[in-house]
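Descriptive analysis of the structure
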Amino acid sequence: MQLRYSDLTVEQLKEEMKQLKIQQQKAEQMGNFSEYQILERKRQLAKAYTINPDEFKPGATYEIKGDRTHVFTIDYLNGVFAWGYRSQGSEKGQELEALPISVLGRTTM
């Protein structure tokens, strides 16, 4: 039976992230880009469970790691997911979306 990330300790999550990184490297070597991306998302999700959600504030705008063209403004938090809007320049996104808090960088304001 597979445990959910929310059931794991920080040490178990770190071990899971380590194993996912190894699998990513193998997928990259095999040229399997889609598997690499899936494993990266799993790793980001596992990492989110090692971060305190209280460090993120609704209404604040954050950089998105790996995306230099957009920022993300949090509307609300639900567990380790920040729900909000992705913006580019002064143009605010129209669709509410959820990002794991692990992909959010420093605040922009």
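As a reminder, the structure under discussion sits directly above these lines.
Report on the accompanying structure.

1. Brief notes about the packing of helix H1 (residues 10-29) against helix H2 (residues 33-48)
H2 packs onto H1 with a crossing angle of 165° between their chain directions and a minimal axis gap of 9 Å. On the basis of their axis angle, the class for H1 and H2 is roughly antiparallel. Helix-helix and strand crossings are classified by hand; for H1 and H2 the assignment is left-handed. Residues Leu-13, Met-17, Leu-20, Lys-21, Gln-23, Gln-24, Ala-27 and Glu-28 of H1 form the contact with H2, whose participating residues are Glu-35, Tyr-36, Leu-39, Glu-40, Lys-42, Arg-43, Ala-46 and Lys-47. Each residue belonging to the contact of H1 with H2 can be placed in one class, and the counts come to seven nonpolar, two polar and seven charged.

2. As for the pattern of salt bridges
Applying the stated rule across the entire model yields four salt bridges. Arg-86 is the partner of Glu-97 in a salt bridge, and the nearest nitrogen-oxygen pair spans 3.0 Å. Note that Glu-97 is positioned in strand E5 (residues 97-100) and Arg-86 in strand E3 (residues 81-88), a separation of 11 residues in sequence. Of the residues examined, Glu-97 reaches a relative accessible area of 23% and is grouped as partly exposed. Through salt bridges with shared partners, one network takes in Asp-67, Arg-86 and Glu-97.

About the thresholds
- Residues numbered from 1 in each chain as written.
- Predicted model: local features only at pLDDT ≥ 70, side-chain atom pairs only at ≥ 80, totals over all residues.
- Heavy atoms only, no water.
- Axes fitted to C-alpha atoms, helices over the stretch in contact; angles between N-to-C directions.
- Helix = DSSP H or I, 4+ residues; strand = E, 2+ residues; numbered from the N terminus.
- Parallel < 35°, antiparallel > 145°, perpendicular 65-115°, else oblique.
- Left-handed = near helix turned anticlockwise from the far one by under 90°.
- Contact = heavy atoms within 4.5 Å.
- Nonpolar A, V, L, I, M, F, W, Y, C, P; charged D, E, K, R; others polar.
- Salt bridge = Lys/Arg side-chain N within 4 Å of Asp/Glu carboxyl O.
- Buried < 20%, exposed > 50% of the residue type's maximum accessible area, 1.4 Å probe, protein only.

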